[in-house]
Amino acid sequence: MTETGGRRPGRAWIARLGPRGAVELDRAASPRAVVEDAVARVGADPVRWAIELNSVVVRRIVGEVPSLGGSPAAVELLRRGNEATTLRALFTLAEGPAAAPPTDEAILEGIHEFVHRAVPLERVLHGVRIGHAATTEAFLRACAELVDPEVAVDEVTAVSRELFSYVDDLSDTMIRAYLVEHEVWSTSAAAARADIVRSLLSDATATATDVGEASRVLGYDLRRTHEAVVVWSDTPNGNSTLQAAATEALRARGATTTLVVPVASGRLWAWGTVPREGTVPSGGTPRSGSWESIAEGLSRQRTQAAFGTPGGGVEGFRRSHREAERGERIERLRREAGRVPRHATAYADVAAIALLATDLDAAGDFVRRELGGLATRTASMEALRTTLYHYIGAERSLADVARRLHVARGTVTYRVKRAQEVLGHGLDDRRFALHTALALAEELGDAVLQPNSPVRQPNSPVRQPNSPMRQPNSSVRQTNKWVSQPNRRPES
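Numbering of residues starts from 1 in every chain and runs along the sequence as written. Predicted model: local features are reported for residues with pLDDT of at least 70 only, side-chain atom pairs are reported and counted for 80 or more only, and whole-chain, interface and lining totals are derived from all residues. Side-chain descriptors were evaluated using all non-hydrogen atoms of the structure, hydrogens and water having been removed beforehand.

**Structural notes on the overall build of the protein**
What the protein contains, in helices and strands, is 18 helices and six strands. The burial tally for the protein puts 50% of its 492 residues in the buried class. In the protein, 72% of the contacts between residues at least 6 apart in sequence involve partners at least 24 apart. With the model as given, the accessible surface of the protein reaches about 22,500 Å², and the carbon-plus-sulfur share is 51%. Think of it this way: any DSSP run of H or I at least four residues long counts as a helix, any run of E at least two long counts as a strand, and we number them from the N terminus. Only protein chains enter the area calculation, which uses a 1.4 Å probe; residues under 20% of their type maximum are buried, those over 50% are exposed, and those in between are partly exposed. Residue contacts are defined here by distance: any two heavy atoms, one from each residue, within 4.5 Å place the two residues in contact. Note on areas: Shrake-Rupley with a 1.4 Å probe; residue coverage comes only from the protein chains shown.

**A word on the environment of Pro19**
Take Pro19: it is sitting in the segment before helix H1 (32-42). When its relative accessible area of 17% is taken as the criterion, Pro19 is described as buried. Spatially, the C-alpha atoms of Pro19 and Asp45 are 7.0 Å apart, while their sequence positions differ by 26 residues. Other than its neighbours up to four places away in sequence, Pro19 contacts Asp45, Arg48, Trp49 and Glu52.

**A few points about H1**
Where H1 is concerned, the buried positions are Val35, Ala38, Val39, Arg41 and Val42. One side of H1 holds all its buried residues, which, seen down the axis, span an arc of 165 degrees. Where H1 is buried, its residues contact helix H2 (44-64) and helix H3 (72-95). Phi turns positive, to about 105 degrees, at Gly43, one or two residues after H1. The arc in question is formed by the directions pointing from the helix axis toward the C-beta atoms.

**Digging into H2**
Every helix has an expected span of 1.5 Å times one less than the residues it contains. Spanning 21 residues, H2 covers 31 Å between terminal C-alpha atoms, matching the ideal 30 Å at 1.5 Å per step. Of all the 21 residues making up H2, 17 are buried; the element is thus mostly covered by neighbouring parts of the structure.

**Let's talk about the packing of aromatic side chains**
Aromatic pairing here means that ring centres of Phe, Tyr or Trp (its six-membered ring) are within 6.5 Å. Orientation follows from the plane angle: under 30 degrees is stacked, over 60 is edge-to-face, and everything else is tilted. Using the criterion set out here, one finds five aromatic pairs in the structure. For the pair Trp269 and Trp271, a centre-to-centre distance of 6.5 Å together with 80 degrees between the ring planes defines the contact as edge-to-face. One exposure class covers both Trp269 and Trp271, and it is buried. A ring pair is formed by Trp271 and Phe317, whose centres lie 4.2 Å apart and whose planes are at 10 degrees; its orientation type is stacked. With Trp271 in strand E3 (residues 267-273) and Phe317 in helix H11 (residues 313-336), this pair connects stretches of sequence that are 46 residues apart. Residue classification places Trp271 among the buried positions, given a relative accessible area of 0%. Within the aromatic cluster, the residues linked to one another by ring pairs are Tyr220, Trp269, Trp271 and Phe317.

**Some thoughts on the packing of helix H5 (residues 121-146) against helix H6 (residues 149-186)**
Where H5 meets H6, the closest approach of the two axes is 10 Å, and the angle between their N-to-C directions is 160 degrees. With respect to their mutual orientation, H5 and H6 come out roughly antiparallel. As for how H5 packs across H6, the hand of that crossing is right-handed. Facing H5, whose interface residues are Leu121, Val124, Leu125, Val128, His132, Thr136, Phe139, Leu140, Cys143 and Ala144, H6 presents Glu155, Val156, Val159, Ser160, Leu163, Phe164, Val167, Ser171, Met174, Ile175, Tyr178 and Leu179. Each residue is assigned to one of three groups, with Ala, Val, Leu, Ile, Met, Phe, Trp, Tyr, Cys and Pro labelled nonpolar, Asp, Glu, Lys and Arg labelled charged, and all others, Gly among them, labelled polar. Counted by class, the contact of H5 with H6 contains 17 nonpolar, four polar and one charged residues. Note on definitions: angles span 0 to 180 degrees between N-to-C directions of axes, and those axes are lines fitted to C-alpha atoms, for helices only across the stretch in contact. In this scheme, roughly parallel covers angles under 35 degrees and roughly antiparallel covers those over 145, while 65 to 115 is roughly perpendicular and the rest are oblique. Left-handed is the label given to a crossing in which the near helix is rotated counterclockwise from the far helix by less than a right angle, and right-handed is the label when the rotation is clockwise.

**So, empty space enclosed by the protein**
To find the voids left in a structure, one rolls a probe of water-molecule size over its atoms. The rule is simple: put a 1 Å grid over the protein atoms alone, call a set of points where a 1.4 Å probe fits but cannot get out a cavity, call an open set with protein on both sides within 12 Å along at least five of seven lines a pocket, and count a residue as lining if it has an atom within 4 Å of a point. Grid points are joined across faces, edges and corners, and a volume is the space filled by probe spheres set on the points. Under the criterion given, the structure shown has one cavity of 30 Å³ or more. Lining the largest cavity are 26 residues, and of these Asn82, Thr85, Val128, Leu170 and Met174 sit closest to its centre. Listing elements by their share of the lining of the largest cavity, those giving two or more residues are H3, helix H4 (105-116), H5 and H6. Looking at the lining of the largest cavity, its residues break down into 16 nonpolar, ten polar and no charged.

**Things to note about the nonpolar core**
In terms of nonpolar packing, the biggest core is built from 59 residues, with Trp13, Leu17, Val47, Trp49, Leu68, Val124 and Phe139 touching the most fellow members. Put simply, the parts of the chain that give this core at least two residues each are H1, H2, H3, H4, H5 and H6. Considering every element that reaches this core, the biggest residue donor is H5, with eleven residues. Once you skip the residues sitting within four places of it in the chain, Val124 turns out to touch Leu68, Ile111, Phe114, Val119, Met174 and Tyr178. Nonpolar cores are built from buried Ala, Val, Leu, Ile, Met, Phe, Trp, Tyr and Cys residues. Side-chain atoms within 4.5 Å join them into one set.

**Things to note about the pattern of salt bridges**
Between Lys or Arg on one side and Asp or Glu on the other, a salt bridge is scored when a side-chain nitrogen of the former is within 4 Å of a carboxyl oxygen of the latter. All chains considered together, the criterion is met by 33 salt bridges. In this structure, the salt-bridge partner of Arg80 is Glu109, at a minimum N-O distance of 3.1 Å. Of this pair, Arg80 sits in helix H3 while Glu109 sits in helix H4, and the two are 29 residues apart along the sequence. According to the relative accessible area criterion, Arg80 is buried, its value standing at 17%. Counted as one network, the salt bridges with shared partners bring together Arg267, Glu325, Glu328 and Arg332.

**Some remarks on the packing of helix H14 (residues 379-393) against helix H15 (residues 398-405)**
In a pair of packed helices, the angle between the axes and the distance between the axes together describe the arrangement. Taken N-terminus to C-terminus, the directions of H14 and H15 make an angle of 130 degrees; their axes are 9 Å apart at the nearest point. When the interaxial angle is binned, H14 and H15 end up oblique. The interaxial crossing formed by H14 with H15 has right-handed handedness. Contacts from Thr386, Thr387, His390 and Tyr391 of H14 reach H15 at Leu398, Val401, Arg404 and Leu405. Residue composition of the contact of H14 with H15, by class: four nonpolar, three polar and one charged.

What follows is the structure, encoded as structure tokens:
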């Protein structure tokens, strides 16, 4: 992507904006054409600064208003929209309010997403205020540091006034767009289906009449046996792919009818009516697809899925869904901890870990207390933990562990002996607690090994201590940890 700027901004200090870290223009959430136009208008470094700032602001927004996230794809959609507002603010300050382009489609796309996910308008506006505060502070700090001290006060005042006017107009546009979309969406069949499903999941007092009417509207028999699945992807706007993936996976599980409810960009809920254990559906065999074949199909479609266990009636509908969401949470934690992603996660396979990790901070305290030095985050300690975990699980069979880990039996013997030395006690002491702690560490890695790990929740923000701007002097004290050093990595 070209980096040669065209006409320089009217405010000379804006041309001196630049990121603190290495930020490539290809990292932008905006389309290439939008980025190239921005570079032509204000220069490459100010655009990099805006890209870096946007990443920090989005982390803060999702951290304070989690409902504006919801999935990696939804966060990416938010990043795209917020980046558009940041670039428009840059144009407004550089060239005047008239130079800012019309409200970007990415901003309106995000509004539509919030309406469809039933995110209340007040939460959307809360996110706007958070973004405005962080963005304005970054602009004002940059202005104070880069402008001649003799005119800094007047310039900061002018910038603050212009940004306030810009955000005020933007908020009005977003409110109107939200209300229009809400009116359209609230009368649609898709909204009615989503409302019924949410009501079923939250209300445990539904009567037989309610269930019958809900089944009729949904076109899905709630009195049958259900298997729930949550399907997600990191790619925004891929709901058609997700729906196909969910339907295909549930059919492979023996489902005869399916119910699919998109809940966020890149995320949906689905259920399938499956045969009760030991019965064979007409025209097929129960559970006709193996987990391996289901995972392969999901991999081809670049999606992941977590499945609940089958359950009967509305209560089974709810329970299987809860289990699928717990399985999704475990898989997201595994991925954040650097584990190899699994495309298909069966709750039955991760139920113990999911229950143990319900309170992740307490689970981490337990793991570090039980493992002691063995919880150290090094490659050598990881090898010892993995070997010991499989050794206890294999009832101390050296041959089984060697075969599973593809190492020599002597290596297994050495690692087990070394692990006991690090633990300071034998394997028969607190064997169950030890194996449980090893299982948590094996599955969740840094999420339980590292105190106050940043991978506590999917899409959680990481506080970044320094703002994305050039610092020719230190006259301005840095006070806001959220808009600072957006590329600084958390300490290990």
